[in-house]
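Descriptive analysis of the structure
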Amino acid sequence: MAKTDREKTILWQLEEADDLLQRRSLDSSYPEVRIQRLPVEQLVFEAAQHLRADELVAFPTETVYGLGASAVSSKALLRVFAAKKRPLDNPLIAHVSSLTQLEQLTTHVPSLAQQLMDAFWPGPLSILLPARRDLPKELTAGLPTVAVRMPRHPLTLALIEEVGMPLAGPSANRSGRPSPTKAQHVLEDLAGEIAGVVDGGTCSVGIESTVIEIMDGRIVILRPGDITSADLKSFGVPVVYDQHLVEPQEEAAVPRSPGQKYRHYAPRGEMRVLIGETAACRKYVREAIGLAHNQGKRVAVLGFESSIGEGADFFLDLGNSSQTIAAHLYEALRACDEAAIDLIFVRGYEPSESHFALMNRLFKASGGAFIDLR
Ligand code: TXA
Ligand code: MG
């Protein structure tokens, strides 16, 4: 049944956006979407009104798009869990636009947390703080802490400021799909199911924020991200990874371990992460493509130089660092699904500090299928 205009998801775009040509292509492809092009103040005002009415509005950040909802409204938060089909025991991150807003979330900001905020906000660092007792249990999953971050995107900072309260924002994908790094990805998963999406262009970091907790005088990394343990080491306290981050990595020594439990951002095709020198990867991929083609399978090669992609059905050069691969990974996995790829080879790195976040996401997406060719 056709939706009325009121039921459609609004895609808010800046009137003065310079890449209108590319954006225009979205017009016809989503019957459940209505595009509104507005000047920045009006765009922020309209989107904020929906959020104040406890509706869901996806917003851009430097990491991935978030599915925005008032962080202080149980009604709005329950809608987030329903739209994403997310289990209720997984707490959300509250996004703030100013340090003053922290008062709505926490009872106390420890001095180390304050130093980290001064150094990294706005930016991809989420910090666990003691939660106010009157916060909705849907936000914290009933835990004594609340995760907080200030995202680095001017439209979203203006939006939170206009709403006047923190916004919860899990990645704006359907559960099991890669996180969205463009407004179009949000529409692919949630068009017709949420009030709107603020189009802020492509996310620059491309993977979710680093999540940390300050415990017993140490910084504990609960989820690795663009802010690395090396970045966090200059604050005079030890920086450690949470145990659950380290253990699954060890299981990965067995290639193609199913690791079903850790498979979150999974593409439809089988994925293998290759770690080793160019020559070894080229040899491995060439043989694997031959075998796969004999079985009628379609193969994608991601993140390698073009010579390694020869003969593949789909090839994407994702740049030549773990940061550029991370920035384009989720979009590349969506593209593989669209191209009906059965087998995906991705470039991996030795799991050192600077590559840890990428390798963590590759571990989850591949179900632990790391192949060490060193
Ligand atoms: O980059 C990001 O952080 C994105 C963008 C949109 O800001 N958001 C995001 O949210 O990734 P979400 O909900 O997908 O991830 C939140 C993570 C989950 O792993 C959750 O378990 C953890 O943070 N988390 C939140 N509150 C927590 C708490 N009180 N204790 C422990 N972990 C918590
Ligand atoms: Mg997520």
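In what follows, the accompanying structure is described. Computed from a predicted model, the values in this text were never measured in an experiment.

1. So, the site of ligand 1
Every one of the 22 residues lining ligand 1 counts as a neighbour, but Thr63, Asn90, His95, Ser209 and Arg223 are closest to it. Asn90 is positioned with one of its side-chain polar atoms (N or O) 2.7 Å from an oxygen atom of ligand 1. Between ligand 1 and the protein, one listed contact pairs an oxygen atom with a side-chain N or O atom of Ser209 at 2.6 Å. Starting from 680 Å² of accessible surface for ligand 1 in isolation, the protein chains cover 87%. The biggest single contributor to the shell around ligand 1 is strand S7 (residues 145–149), with three residues.

2. A short note on the sheet that holds strand S8 (residues 167–168)
Strand order in the open sheet formed by 12 strands is S2-S1-S9-S3-S4-S8-S5-S7-S6-S10-S11-S12, with mixed pairing between adjacent strands. Both edges of this open sheet fall to strand S2 (33–38) and strand S12 (239–241), since each of them pairs with a single strand only. Two elements, strand S5 (residues 93–95) and S7, share three bridges in a ladder whose sense is parallel. Residue pairing in the sheet places Ile93 in a bridge with Ala147 of S7.

3. Some points on the environment of Asp372
By secondary structure assignment, the location of Asp372 is in strand S17 (residues 370–372). Measuring from C-alpha to C-alpha, the distance between Asp372 and Gly276 comes to 6.4 Å, with 96 residues separating the pair along the chain.

4. Examining the pattern of salt bridges
Within this structure, the stated rule accounts for 18 salt bridges. Notably, a salt bridge pairs Arg334 with Asp189, separated by 2.9 Å at the nearest N-O pair. On the criterion of sequence distance, the pair formed by Arg334 in helix H12 (residues 322–338) and Asp189 in helix H8 (residues 183–190) is long-range, its members being 145 residues apart. For the pair Arg334 and Asp189, a shared accessibility class is recorded, and that class is buried.

5. Considering the layout of surface pockets
Reported here for the second largest pocket is a volume of approximately 340 Å³. Taken together, the residues of the lining of the second largest pocket sort by class into four nonpolar, two polar and nine charged.

6. Here we look at the packing of H12 against helix H13 (residues 356–366)
When two helices pack together, their arrangement is given by the angle between their axes and by how far apart the axes lie. As a packed pair, H12 and H13 sit with axes 10 Å apart at the nearest point and diverge in direction by 25 degrees. One finds that H12 runs roughly parallel with respect to H13. Relative to H13, the crossing made by H12 is left-handed. Packed against H12, whose contacting residues are Ser322, Ile325, Ala326, Leu329, Tyr330 and Leu333, the element H13 presents Leu358, Arg361, Leu362 and Ala365 at the interface. Within the contact of H12 with H13, the residues separate by chemical class into eight nonpolar, one polar and one charged.

7. Overview of the sheet that holds strand S14 (residues 299–302)
Strand order in this open sheet of five strands is S15-S14-S16-S13-S17, and the pairing throughout is parallel. Since the sheet does not close on itself, it has two edges, and those belong to strand S15 (314–316) and S17, each with one partner. Taken pair by pair, the neighbouring strands of this sheet meet at an average axis angle of 20 degrees, ignoring direction. In the sheet, strand S13 (residues 270–275) pairs with S17 via three bridges, with the strands oriented parallel. Directly across from Val273, in S17, lies its bridge partner Phe370.

8. What to know about the packing of aromatic side chains
The tally for this structure, following the rule as stated, stands at four aromatic pairs. Judged by centre distance (6.0 Å) and plane angle (80 degrees), the rings of Tyr284 and Phe345 are edge-to-face. One end of the pair, Tyr284, is in helix H11 (residues 278–294); the other, Phe345, is in strand S16 (residues 343–347), and 61 residues separate them in sequence. Using a relative accessible area of 23% as the deciding quantity, one classes Tyr284 as partly exposed. Assessed through its relative accessible area of 0%, Phe345 is described here as buried.

9. Some points on H13
In terms of burial, H13 is a largely internal element, 10 of the 11 residues being buried. Gly367 lies just past H13 and shows a positive phi near 65 degrees.

10. Some remarks on unusual backbone geometry
Backbone phi values are negative for most residues with the exception of glycine, while trans is the configuration of most peptide bonds. Backbone torsion omega between Trp121 and Pro122 reads -10 degrees, so that peptide bond is classified as cis. Mapping Pro122 onto the fold places it in the loop between helix H5 (111–120) and strand S6 (125–130). Here the phi dihedral of Ala141 falls at roughly 55 degrees; this positive angle occurs in a residue that is not glycine. Locating Ala141 in the fold gives a position in the loop between helix H6 (137–140) and S7.

Procedures and definitions
Residues numbered from 1 in each chain as written. Chains lettered and ligands numbered in written order. Predicted model: local features only at pLDDT ≥ 70, side-chain atom pairs only at ≥ 80, totals over all residues. Heavy atoms only, no water. Near = heavy atom within 4 Å. Polar contact = N/O pair within 3.5 Å; in protein donor to acceptor, adjacent residues only side chain to side chain. Areas by Shrake-Rupley, 256 points an atom, 1.4 Å probe, with all protein chains shown as cover. Helix = DSSP H or I, 4+ residues; strand = E, 2+ residues; numbered from the N terminus. Pairing = 2+ DSSP bridges. Salt bridge = Lys/Arg side-chain N within 4 Å of Asp/Glu carboxyl O. Buried < 20%, exposed > 50% of the residue type's maximum accessible area, 1.4 Å probe, protein only. 1 Å grid on protein atoms, 1.4 Å probe; cavity = no way out; pocket = protein on both sides within 12 Å on 5 of 7 lines; lining within 4 Å. Points joined across faces, edges and corners; volume = space filled by probe spheres on them. Nonpolar A, V, L, I, M, F, W, Y, C, P; charged D, E, K, R; others polar. Axes fitted to C-alpha atoms, helices over the stretch in contact; angles between N-to-C directions. Parallel < 35°, antiparallel > 145°, perpendicular 65-115°, else oblique. Left-handed = near helix turned anticlockwise from the far one by under 90°. Contact = heavy atoms within 4.5 Å. Phe/Tyr/Trp six-rings, centres within 6.5 Å; stacked < 30°, edge-to-face > 60°.

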